[in-house]
Amino acid sequence: MRGGSIYIERTSGLHRLHPLTKVALTALCFASAAALPSLAWLLALFVGLLLPLAIWGRLTAAFLKSCLLVVGPFVISLTIIQGFFSGGETVLFRLGRFAFTQEGLLAGLTFAARLLVALGGTLLLMQSTPQAQLMQALTERGFPPRLAYVVLTAIQIFPSFQDRAQVIIDAQQARGLELQSGLLSRVRLLLPMVGPLILGSVMDVSERAMALEARAFSSPAPKTSLHSLADSPSQRILRWLLVLAAAALLAWRLWSALQ
Amino acid sequence: MIELKKFSYWYPGTEEPALQRISLDISEGEFVGIVGANGAGKSTLCYALSGFVPHFYNGESEGQLTFNGQDMAALDLGQLAGQVGLVFQNPFNQISGARFTVREEIAFGLENLGLPRSEMHARIDEALDLVNIQDLADRSPFSVSGGQQQRIAIASILAMQPRVLVLDEPTSQLDPDGTRDVFTALSKLVSTRKITVILAEHKLEWLATFCDRVIALGGGKLRAEGTPQEVLSSEQMLRLGIGRTQYSEAAARLLRTKKLPVTLEQAKKALK
Amino acid sequence: MNLRAEGVSFRYPSGVLALDGVSLDIPSGQLLAILGENGAGKTTLVKLFNGLLRPAQGSVHIGDWDTAQHSPAALASRVGFLFQNPDDQLFERTLAREVAYGPRNLGASEAEVAHRVSRALKLVGLQDMADAHPYDLPAPQRKLLALAATIAMDTPILVLDEPTIGQDELGCRAISRILTDLHAMGRTLMMISHDMDFCAEHAERLVVMLNGKIHLDGSPAEVLSQTKKLDEAEVAPPQLVRLAQALKMRATPLTVDEFVDEYKQWRKKKNK
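Notes on the structure in this doc start here.

Calculation criteria
- Residues numbered from 1 in each chain as written.
- Chains lettered and ligands numbered in written order.
- Predicted model: local features only at pLDDT ≥ 70, side-chain atom pairs only at ≥ 80, totals over all residues.
- Contact = placed C-beta atoms within 7 Å.
- Nonpolar A, V, L, I, M, F, W, Y, C, P; charged D, E, K, R; others polar.
- Axes fitted to C-alpha atoms, helices over the stretch in contact; angles between N-to-C directions.
- Helix = DSSP H or I, 4+ residues; strand = E, 2+ residues; numbered from the N terminus.
- Parallel < 35°, antiparallel > 145°, perpendicular 65-115°, else oblique.
- Left-handed = near helix turned anticlockwise from the far one by under 90°.
- Buried ≥ 20, exposed ≤ 12 C-beta atoms within 10 Å, placed from the backbone.
- Pairing = 2+ DSSP bridges.

**Overview of the interface of chain C and chain B**
Part 1: Counting residues at the interface gives 24 residues for chain C and 26 residues for chain B.
Part 2: For the side of chain C that touches chain B, the residue count by class is 13 nonpolar, five polar and six charged.

**Comments concerning the packing of helix α3 (residues 95–105) of chain C against helix α4 (residues 110–124) of chain C**
Residue and element names in this part refer to chain C.
Part 1: It is at 9 Å that the axes of α3 and α4 come closest, and there the two elements cross at 125 degrees. The orientation of α3 with respect to α4, classified from their angle, is oblique. Where α3 crosses over α4, the two elements pack in a sense that is right-handed. From α3, Leu95, Ala96, Val99, Ala100, Pro103 and Arg104 reach across to α4, where they touch Glu112, Val113, Arg116, Val117, Ala120 and Leu121.

**Examining the pairing of strand β9 (residues 213–218) of chain B**
Residue and element names in this part refer to chain B.
Part 1: Judged by how many residues are buried, β9 sits mostly within the fold: five of six residues are covered.
Part 2: Both strand β3 (residues 31–35) and β9 contribute to a ladder of four bridges, which runs parallel. What sits directly across from Val35, in β9, is Ala216.
Part 3: Sheet topology places β9 next to strand β10 (residues 221–226); five bridges connect them, and they run antiparallel. What sits directly across from Gly218, in β10, is Lys221.

**Concerning the sheet that holds strand β6 (residues 84–87) of chain B**
Residues and elements named next belong to chain B.
Part 1: Pairing in this open sheet of six strands is mixed, and the strands run β6-β7-β8-β3-β9-β10 from one edge to the other. Two strands close off the open sheet at either side, each with one partner strand: β6 and β10. For this sheet the average axis-to-axis angle between neighbouring strands, irrespective of direction, equals 15 degrees.
Part 2: Docked against the sheet, helix α8 (residues 176–193) engages β3, β7 (164–168) and β8 (196–200), running at close to 150 degrees with respect to β8.

**Some details on the interface of chain A and chain B**
Part 1: Contacts between the two partners involve 30 residues from chain A and, on the opposite side, 34 residues from chain B.
Part 2: Those elements that provide at least two residues to the side of chain A that touches chain B are α7 (145–173) and α8 (183–214) of chain A.
Part 3: Considering each element in turn, the side of chain A that touches chain B owes the most residues, eight residues, to α8 of chain A.

**A look at the pairing of strand β2 (residues 98–101) of chain A**
Residue and element names in this part refer to chain A.
Part 1: Here four bridges tie strand β1 (residues 91–95) to β2, and the two strands are oriented antiparallel to one another. Bridged to Arg94 within β2 is Ala99.
Part 2: With antiparallel pairing between neighbouring strands as the criterion, β1 and β2 make up a hairpin whose turn holds two residues, including Gly96 at a positive phi of roughly 55 degrees.

**Thoughts on the sheet that holds strand β5 (residues 70–71) of chain B**
All names here are of chain B.
Part 1: Taking strand neighbours across the sheet as the criterion, the four strands line up as β2-β1-β4-β5 in an open arrangement whose pairing is antiparallel. The sheet is open, and its two borders are formed by β2 (19–26) and β5, each paired with just one other strand.
Part 2: Relative to strand β4 (residues 60–67), strand β1 (residues 2–10) runs antiparallel, the two being bridged by seven bridges. By the bridge assignment, Ser8 is partnered in β4 with Glu62.
Part 3: Each of β1, β2 and β4 touches helix α1 (residues 42–49); the most contacted strand, β1, lies at about 125 degrees to it.

Taken by themselves, the reported measurements are silent on function.
So this is what it looks like as structure tokens:
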């Protein structure tokens, strides 16, 4: 699916895990990204845990591709900035009066690795969990269903918004609107483009609201779900362990910073 | 089943009533067509018959509107949702957007009603079957044609097992294929399920072929009521801006009868 | 201004071959309808005429212009385009400003713009609403507004995508009158439509598409008499043609008048 959803359908153990277990794993990744002290540790976590999980989830190619697409540009920009400007003794080379240092390079790479670990955890969760399941897991733990509905529709409706935007651009071009780069023509494009998009959506809102009512959206009955989310005692224990590990990492980091 | 007695209705902040002193009695298992020019009150009547007037739109009303003898205003929308279903013109706006497959989309209303899982699956299978979209069950509801989307919308409502299905111009955005699919599904419902179907529609030839009874509206008033042939062949249809099928138009020039044909079959018989 | 497509093919990025070697010559002033089921290539074809799409093979000429050498905005001075859904283009505060948008983009002087706006609004019958907000109009009338906005661009060629969809009888009659007026002014008119009764009555030429190719092309009487080929393209003939066929009249009447004449002759022959 284009646009909003990055879920990739596969049959795998990772996909079958309860969404909250994967949320706990993501939390651990974020804690690690913030707390682990060195590049080696971060890369070890990525290669030793995240990559095997991606392989287990049969997502290897998509996972690595997304990591590269998002983190790649950061690796370049961060190493350039840090390499030239964060100082250090070991000069690798010079450009004019700017020195590129080994310490700077390492700092840049470490920062990029932190991003990589945080992103990797998020990708594992999102690529292996349909958003509907994630929302269901959250609403079963007390997340408001109306808010869950808004989040889900936002993800789903986004691609159709893109389609409509294209039709609107076509329609206005057919009325002689010149599409050119340049700030002035971008501004000229804004109203004819955004106007129909918003007006049309506003017109649809009342019909959408009625259609939701016709589906008993405001029924007072407690809601049920078509799919059951498989859970197990071992997963519950695993979740607690993951959360504890995340908390311990952060606490250790805080403590060592205070020392 | 649904009864209106001198029912009038004003949308909030309007002087002119959208419906004026309408009296109407719809019985169980009937297939009723509603015709009228744009602005004649078709949509408002659909909303009234499904309880959205007065529940969703406020506004003023006069006269009586009852469902199975109970005042519609006294029933709440949550209660009504399982009894009366409403299908709209634009298929896209009826897809909840919160579910990712057609099966889950149909489940959305059932989840809201709080049904147990096993019953949901049974009802979804049945609804898919009724409108003949079993093969779409695992597709995304956004990846199918308009006609298929409209059938998903109908199935989503049918799964809630309403006794009355009200449709407000469900085929107006559809091509001939989509229109045929929707009408075929509806006629199957009436004949096999004894569900009451009330359908507002401009496509006269289709209405004439399938409906038991046709109601013509003009300026918010009930102008004619009877069998499709009685209502749709009359000259009044021209004055009301509803028009007639070309079968009626041709036969009006050739035959001296009050009972003009409105369908191909009738025209063939009359002109043979 | 002539329009000429020569050996045009087009493939979407998804890999679908939407047009496959289409050649079409449309002389100045012709009123033509393009028919065919969804996905047959109708919309793709007309989008090549105003440069929204570019042919992968072959060429499209509008008068002496090769569309490959002009931007859609430039081609907009020669080919006007009415999209199916008016809400995809309306954004101004008043009807008059909305209609003025196109001519202004094309560089018309303010005096000229004002003149064209009042003329176009008058032609579609909305002259009394010039200062209203477009969304004060009901949806079917917004379509007429979008049509006025297209007409005001004074293009020699006009493409109309499903002009009658969502219109009631009165709306169809209004559009029929507008097309007749535009035709009398010598504009080239091309409509894509599923409304067979409307096309048969108004078009001078019918082009039926199937799988990205031109399947049938000729006068309405020629095209509509080819029952088998129409069937292949999933295009149902209009009501009067179906009636004539059901009666085995061996005629292809396009209007009620024609049907009445043909029927009387057929009756006479039959009685002999």
